[in-house]
Amino acid sequence: MRDRRKHDVVSWSRFFWFTAVVVVSCVVLTGFSFSTFRLFFGETFHPVLGSTRQTSTMNAVVSNEFPVVPVLSIRETILFPDQVILFLECPPRARLFTKEELLCVYLSADNNSSETRLKKPPARVDSRQVGEQIVWCPGCPRGLIVTVASKSNGVIPAGPSHRWGTLAYEALIDKDNTTLLFVKGLNLRPERVSNASRFECVYGWDFSRLNLVLRSEVLSIAQEIVRCKTPLSVLNCQQKVNGSVKVSIRIKGNGLLPSVARLRHLVGPGLQPVPTRKPHEMCICTMARNQARFLKEWVMYHAQIGVQRWYIYDNNSDDDTDSVIESLSDANYNISRHIWPWIKTQEAGFAHCALRSRSSCDWVGFIDVDEFFHLPSGLTLQAVLRNLSSRAPSLDTEAAHIPIGELRVSCYSFGPSGLRHVPRQGVMVGYTCRMTAPERHKSIVRPEALNSTLINVVHHFHLMHGFRFLDVDKTMMVVNHYKYQVWEVFKEKFYRRVATYVADWKDEQNVGSKDRAPGLGTKAVEPVDWSSRFCEVLDTGLRDRVLQNFVNPKTYLLPWQDANDGKQSLV
């Protein structure tokens, strides 16, 4: 019995020390996981000095008018030229706020003051993922900081703020385990690959404090997209780092760019099975702002000619875009809305969409909501794609063996066509007069054929070596671009343009370029002869096809028209 007791004592003693060692090891590994993995896998670990300047919002004293809500926090605040976007971090199972339940609260930036200067209703409240809400507030006056308050629960302490213009804003892990970082403010030349050796990528938990972070090699950098070598310690902890690790870029010899880019997986952590056949032959990506009244016509028409999947990048719409997309989804259109709050980043958004669609779509078209594929031959898009992608060049026999990665489709610009009000039957029926010569082109691409830099200038992408592009014959397919619509629609273009390298209409810059309305200038003042401009050729081809194939014989309505439009003359 005595020996047995002694044995038991020894066993428990060993168990105690074993448990202690395990616990300490877990703590050490958790606290220093980045440096430990770097040592194990031979990566160089360097401390990078983060910015020591804290924004005044971090220490602001909130108003005593409401109690502080401890379960919510403002993770990031981004100051745009005419609005402020706040990212709220919410408990995963908490009920989300509606627009009517929140107020934008503007406080004095003076740390010694708790005065509430202004209260305004938010322009919009939305949710992009679980545990996060996005609040759009009116622009913040100078000398104030902005936060939000629940009318029933209180003020949320202001969070760290960043000015848009120099900011890393999105990051994702690609299928080859590299990191793609989207950055504003590098001011790199369009369509050019820059010198990657001048930069390095930086990974960490919080760049606002003096933390140890990881440095990583930049593999390529072009326009606003950086491709980084993802540290092994990040790849080995994919489940834990998803959404919690920030990524930024540092120009060697200079400071670290501020970042709100939290690293996420393109399709989810872990290896994904490669489908033997993609589910969709033809998809469309677009970026839109306040295009709700045109979306139904655009989606329903393209569904009839062969489009199977739509990716809508919503660029700060404050109309009914979300409800229209929801109604289309309910009607069994395979359409999704992706909130993309970053202004003047269309090229980056298109690159992001190309990556998202790569595993699902054989071909992806990149067009705007006012652009419609027109097939004069009467074929479906699938038939045209199969025909063109298998076609060999008639003259260059060497190129016959190079697969086609991009189809370039000529784009015709239509004018107001004598109209002064939005056509009730839609743009395809209403606008029938265009310019004679095509203006540039739009692209349909194979996502896997794109160059790893993802360089694009909206109209086309750069392809990787081993693929070629093909100019589509105008008798087979063109794009009808209803660019110059009635003035009440066209004047919205003066708000802001989405493309990165295209000047806004109000800017006194490149006034004579093709991206402008010829002779219009920079002021949103309707010319007397606007309704008759941009009319050189009468083109009723698409209108005739729509009226022939889409009209309901009982109601005389087109699919995108509301029933209360009543019967209308189709002549």
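Please refer to the structure higher up on the page.
Figured I'd write up the structure that's included with this text. (Residues numbered from 1 in each chain as written. Predicted model: local features only at pLDDT ≥ 70, side-chain atom pairs only at ≥ 80, totals over all residues. Heavy atoms only, no water.)

## Observations regarding helix 6 (residues 321-330)
- Every buried residue of helix 6 is accounted for by Thr321, Val324, Ile325 and Leu328. One face of helix 6 carries all of its buried residues, which in axial projection span an arc of 95 degrees. Facing away from the buried side of helix 6 by more than 90 degrees, the exposed set consists of Glu326 and Asp330.
- Lining the buried residues of helix 6 we find helix 5 (292-305), strand 18 (309-314) and strand 19 (335-339).
- At the exit of helix 6 stands Asn332, carrying a positive phi of roughly 75 degrees. (Buried < 20%, exposed > 50% of the residue type's maximum accessible area, 1.4 Å probe, protein only. Helix = DSSP H or I, 4+ residues; strand = E, 2+ residues; numbered from the N terminus. Arc of directions from axis to C-beta. Contact = heavy atoms within 4.5 Å.)

## So, the sheet that holds strand 15 (residues 246-251)
- Across the sheet, seven strands lie side by side as 15-12-13-14-11-10-16; this open sheet has mixed pairing. Only two strands of the sheet have a single partner each, and these edge strands are strand 15 and strand 16 (263-265). Between one strand and the next, the sheet's axes are offset by a mean angle of 35 degrees, whatever the strand orientation.
- Summarising the sheet, strand 13 (residues 214-222) and strand 14 (residues 225-229) pair through four bridges and their orientation is antiparallel. Counterpart to Ser220 in the pairing with strand 14 is Arg227. (Pairing = 2+ DSSP bridges. Axes fitted to C-alpha atoms, helices over the stretch in contact; angles between N-to-C directions.)

## Examining the nonpolar core
- Among the nonpolar cores identified, the biggest contains 55 residues, and Trp298 and Phe373 are the most heavily contacted of them.
- Sequence-distant contacts of Phe373, defined by excluding residues within four places in its chain, comprise Met282, Ile284, Tyr301, His302, Ile305, Ile367, Val409, Ile444, Met477, Val478 and Val479.
- In this structure, Val260, Tyr311, Tyr313 and Trp340 belong to the second largest nonpolar core, which totals 40 residues. (Core = buried A, V, L, I, M, F, W, Y, C linked by side-chain atoms within 4.5 Å.)

## Structural notes on the state of the cysteines
- Summed over all chains, the structure comprises five disulfides.
- Two residues share a disulfide in this structure: Cys104 and Cys137, whose sulfurs sit 2.0 Å from each other. Torsion about the S-S bond of the Cys104 and Cys137 cystine: about -85 degrees, corresponding to left-handed handedness. Placement of the pair is Cys104 in strand 3 (residues 102-108) and Cys137 in strand 6 (residues 132-138), with a sequence separation of 33 residues. (Disulfide = S-S within 2.5 Å.)

## Some thoughts on the packing of aromatic side chains
- In the structure shown here, the tally under the stated rule is 25 aromatic pairs.
- For the ring pair Tyr169 and Phe182, a centre distance of 6.4 Å and an interplane angle of 45 degrees mean the geometry is tilted. With Tyr169 in strand 10 (residues 167-173) and Phe182 in strand 11 (residues 178-184), the pair connects residues that are 13 residues apart, well separated along the chain. The two residues Tyr169 and Phe182 agree in class, both being buried.
- Each ring, one from Tyr484 and one from Phe534, has its centre 3.8 Å from the other, and the planes form 15 degrees; the classification is stacked. Taken together, the positions of Tyr484 in the loop between strand 26 (478-481) and helix 10 (487-490) and Phe534 in the loop between helix 10 and strand 27 (537-538) put the pair 50 residues apart, joining distant regions of the chain. (Phe/Tyr/Trp six-rings, centres within 6.5 Å; stacked < 30°, edge-to-face > 60°.)

## Some thoughts on the packing of helix 5 against helix 6
- Between helix 5 and helix 6, the least distance of the axes is 9 Å, while the angle of their chain directions is 25 degrees. Put simply, helix 5 runs roughly parallel to helix 6. When you trace helix 5 past helix 6, the crossing you get is right-handed. Of the residues in helix 6, those in contact with Ala292, Leu295, Lys296, Val299 and Met300 of helix 5 are Thr321, Val324, Ile325 and Leu328.
- Grouping the amino acids of the contact of helix 5 with helix 6 by side-chain chemistry returns seven nonpolar, one polar and one charged. (Parallel < 35°, antiparallel > 145°, perpendicular 65-115°, else oblique. Left-handed = near helix turned anticlockwise from the far one by under 90°. Nonpolar A, V, L, I, M, F, W, Y, C, P; charged D, E, K, R; others polar.)

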